[in-house]
Number of protein chains: 2
Amino acid sequence: MKLYGYWRSSAAYRVRIALNLKQLTAEHISVHLVKNGGEQHSKDFEKLNPQHLVPALVDNNNQGEFCLTQSLAIIEYLEEKYPQQAILPANIEDKAIVRAMAQSIACEIHPLDNLRVLQYLVNEMGVDESKKMDWYHHWIHLGFNALESQLSLHAGQYCFGDQVTLADICLVPQVYNAQRFNVDLQAYPHIMRVWQNCNKLDDFIQAAPEQQDDAC
Amino acid sequence: MKLYGYWRSSAAYRVRIALNLKQLTAEHISVHLVKNGGEQHSKDFEKLNPQHLVPALVDNNNQGEFCLTQSLAIIEYLEEKYPQQAILPANIEDKAIVRAMAQSIACEIHPLDNLRVLQYLVNEMGVDESKKMDWYHHWIHLGFNALESQLSLHAGQYCFGDQVTLADICLVPQVYNAQRFNVDLQAYPHIMRVWQNCNKLDDFIQAAPEQQDDAC
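- Looking up chain A in an unreviewed UniProt entry gives the name Maleylacetoacetate isomerase, with the organism given as Shewanella gaetbuli.
- Checking UniProt for chain A, the heading Sequence similarities (unreviewed entry) contains the comment "Belongs to the GST superfamily. Zeta family."

Next comes the structure, spelled out in structure tokens:
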């Protein structure tokens, strides 16, 4: 497998964690999201993913190579193809709760605070640095407040009891991202406990942005 | 089952389509997203969903009632609990492609163009109507351009060949939403063909916003 990603991309970080948890290896190909206006906009990358977004995972079957996009779709694919070290609970109600936690990050926080949105605010809407940071913090706090409340019902060592799941895979990169933008996370003791517990695990440690070859 | 939704909510619209496709009935409870500052912010609704978002689905098992949130998690739950009229392909690569199409809408377009974001732009950032509409149109066109390219590879009558899937369930409400904001969709012949084909089906027709009791 080949994983097209970028060290600081939260969505690529999720897929790196999932690959590690499942003890799968992939060739990591760096797509620099900033240099030269962003390599994700190149014609070559566009052929792989017309969305101009990382990650993209290239795998192969008996008909040749194929490319998958969208981090949650990629991770569900890995879960189905390589069921070892399951990252979703077996019970379908529990699975729905875990998926909802993951989506409360992937559909409600991250899309609003990712690079291209922050760039649009500044470049196209003329938003100043202070208002850009207000925007960033606003969506983190709104999302983390709700997630903290969910975790108070369901978390143990990790987001859902003591099993590492898709919810943790989404949470850890989002906390990393929030810290990078100096968000005060003291109001979220469950989130921070889970984040600390995950970051004791080798599979999370090795997936961290600073551990990647393209980190700078 | 009880579905807490709102006639114009794209995410509730998705769940309504899925329920219809699976020939499931639910009591529809309207949460007015605008009246009185938004009923989704009420204390009662917060107990169901601390995210203050519709839809929320209440179902029950032998231990009593439980509440699920996030439209895609709800729909995957329905798919697993009620496998009749499958809305995901059986093959895991195909399934990943369908999920990625759905997520290209649910994680890349809708989160940027939904009510609370448009409200934040106007109320907190002082953005005028014209720039708000530029924002709205920008994310639709970016997302639909990429999706059109994916559909050129995979679409038949519907987004993925001739099977109605999760991708169609996400596409139809997004097109409805785009038309409401006067987005010119001529550049997307595949999207519009699929949208028209879906809207010939009773399960989609009955789920449409204007067909709901709380429509006004």
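## With respect to the sheet that holds strand β1 (residues 2-5) of chain B
Consideration 1: The sheet built from four strands is open, its strands ordered β2-β1-β3-β4 (chain B) with mixed pairing. For this open sheet the edge positions go to β2 (27-30) and β4 (64-69) of chain B, each flanked by a neighbour on one side alone. Taken over all neighbouring pairs, the strand axes of this sheet differ in orientation by 25° on average, direction set aside.
Consideration 2: As paired strands, β1(B) and strand β3 (residues 56-61) of chain B are joined by three bridges and run antiparallel to one another. By the bridge assignment, L3(B) is partnered in β3(B) with L57(B).
Consideration 3: Here helix α4 (residues 92-106) of chain A sits on the sheet in contact with β3 and β4 of chain B, set at roughly 30° to β4(B).

## Re helix α3 (residues 71-81) of chain B
Consideration 1: Counted residue by residue, α3(B) has nine buried out of 11 residues, so it is predominantly covered.
Consideration 2: Of the positions making up α3(B), those classed as buried are S71(B), L72(B), A73(B), I74(B), I75(B), E76(B), Y77(B), L78(B) and E79(B).
Consideration 3: The elements touched by buried residues of α3(B) are α4 of chain A together with α1 (10-21), β3, β4, α4 (92-106) and α8 (166-180) of chain B.

## Here we look at the UniProt feature "domain: GST C-terminal" (unreviewed entry) in chain A
Consideration 1: According to UniProt, the positions carrying the feature "domain: GST C-terminal" (unreviewed entry) are residues 91-216 of chain A.
Consideration 2: Taken end to end, residues 91-216 of chain A comprises 66% helix and 0% strand; its first and last C-alpha atoms sit 42 Å apart.

## Focus: the pairing of β1(B)
Consideration 1: Relative to β2(B), β1(B) runs parallel, the two being bridged by four bridges. Note that in β2(B) the partner of G5(B) across the bridge is S30(B).

## Brief notes about the packing of α4(A) against helix α7 (residues 129-154) of chain A
All names here are of chain A.
Consideration 1: The N-to-C vectors of α4 and α7 enclose an angle of 160°; their axes lie 11 Å apart at closest approach. Taken together, the axes of α4 and α7 are roughly antiparallel relative to one another. Considering the relative orientation of α4 and α7, their crossing is left-handed. Across the interface between the two elements, I97, M101, S104 and I105 of α4 pack against L147, Q150, L151 and H154 of α7.
Consideration 2: Of the residues belonging to the contact of α4 with α7, the class tally is five nonpolar, three polar and no charged.

## Some details on the UniProt feature "domain: GST N-terminal" (unreviewed entry) in chain A
Consideration 1: Within this structure's numbering, the places UniProt gives as "domain: GST N-terminal" (unreviewed entry) are residues 1-86 of chain A.
Consideration 2: For residues 1-86 of chain A, the helix share is 34%, the strand share is 23%, and the end-to-end C-alpha distance is 19 Å.

## A short note on the packing of aromatic side chains
Consideration 1: Applying the stated rule across the entire model yields 19 aromatic pairs over all chains.
Consideration 2: Centroid distance W135(A) to W135(B): 5.6 Å. Interplanar angle 70°. Geometry classified as edge-to-face. In this pair, W135(A) is assigned in helix α7 and W135(B) in helix α7 (residues 129-154), connecting two distinct chains.
Consideration 3: Here W135(A) falls in the buried class, since its relative accessible area comes to 0%.
Consideration 4: Each ring, one from W139(A) and one from Y120(B), has its centre 5.4 Å from the other, and the planes form 55°; the classification is tilted. Residue W139(A) is found in helix α7, and its partner Y120(B) is found in helix α6 (residues 115-123); the two belong to separate chains.
Consideration 5: Through a chain of ring-to-ring contacts, the aromatic side chains of Y120(A), W135(A), W139(A), Y120(B), W135(B) and W139(B) assemble into a single cluster.

## Overview of the side chain of K22(B)
Residues and elements named next belong to chain B.
Consideration 1: For K22, the position within the fold is in the loop between α1 and β2.
Consideration 2: Only 2.9 Å separates the side chain of K22 from the backbone oxygen of Q84, close enough to count as a polar contact.
Consideration 3: Apart from residues no more than four positions distant in its own chain, K22 is found in contact with L78, E79, Y82, P83, Q84, Q85, A86 and I87.

## Regarding the interface of chain B and chain A
Consideration 1: Taken together, the contact between chain B and chain A spans 44 residues of the former and 44 residues of the latter.
Consideration 2: For the pair chain B and chain A, the summed buried surface comes to about 4200 Å²; carbon and sulfur atoms form 64% of the total.
Consideration 3: At the junction of chain B with chain A, the criterion picks out eight salt bridges.
Consideration 4: Among the ionic pairs, E76(A) bridges to R99(B), the shortest N-O distance being 3.7 Å.
Consideration 5: Joining chain B to chain A, the criterion identifies 13 residue pairs in polar contact (both at pLDDT 80 or more).
Consideration 6: Mapped by element, the contributors of at least two residues to the side of chain B that touches chain A are β4, α3, α4, α5 (110-113), α6 and α7 of chain B.
Consideration 7: Among the elements that take part in the side of chain B that touches chain A, α4(B) stands out by supplying 10 residues, more than any other.
Consideration 8: Within the side of chain B that touches chain A, the residues separate by chemical class into 24 nonpolar, nine polar and 11 charged.

## Some remarks on the side chain of K95(A)
Consideration 1: Relative to the elements of secondary structure, K95(A) occurs in helix α4.
Consideration 2: For K95(A), a relative accessible area of 16% corresponds to the buried category.
Consideration 3: Of note is the side chain of K95(A), whose polar atom sits 3.5 Å from the side chain of E80(B).
Consideration 4: In this structure K95(A) touches L88(A), P89(A), A90(A) and E80(B), once residues within four positions along its chain are discounted.

## A look at helix α1 (residues 10-21) of chain A
Given 3.6 residues to a turn, an α-helix orients residues that are three or four positions apart in the same direction.
Residues and elements named next belong to chain A.
Consideration 1: Under the 1.5 Å per step criterion, the end-to-end length of α1 is 17 Å for 12 residues, consistent within 8% with the ideal 16 Å.
Consideration 2: Along α1, 11 of the 12 residues are buried, which leaves the element largely enclosed by surrounding structure.
Consideration 3: Of the positions making up α1, those classed as buried are S10, A11, A12, Y13, R14, V15, R16, I17, A18, L19 and L21.
Consideration 4: Measuring from the backbone nitrogen of A11 back to the side-chain oxygen at the start of α1 gives 3.3 Å, which picks out S9 as the cap.

Here is what the cut-offs are and how they apply
- Residues numbered from 1 in each chain as written.
- Chains lettered and ligands numbered in written order.
- Predicted model: local features only at pLDDT ≥ 70, side-chain atom pairs only at ≥ 80, totals over all residues.
- Heavy atoms only, no water.
- UniProt positions renumbered as here; feature names shortened; annotations may be inferred.
- Pairing = 2+ DSSP bridges.
- Helix = DSSP H or I, 4+ residues; strand = E, 2+ residues; numbered from the N terminus.
- Axes fitted to C-alpha atoms, helices over the stretch in contact; angles between N-to-C directions.
- Contact = heavy atoms within 4.5 Å.
- Buried < 20%, exposed > 50% of the residue type's maximum accessible area, 1.4 Å probe, protein only.
- Parallel < 35°, antiparallel > 145°, perpendicular 65-115°, else oblique.
- Left-handed = near helix turned anticlockwise from the far one by under 90°.
- Nonpolar A, V, L, I, M, F, W, Y, C, P; charged D, E, K, R; others polar.
- Phe/Tyr/Trp six-rings, centres within 6.5 Å; stacked < 30°, edge-to-face > 60°.
- Polar contact = N/O pair within 3.5 Å; in protein donor to acceptor, adjacent residues only side chain to side chain.
- Buried area = accessible area lost by both parts, 1.4 Å probe.
- Salt bridge = Lys/Arg side-chain N within 4 Å of Asp/Glu carboxyl O.
- Expected span 1.5 Å × (residues − 1).

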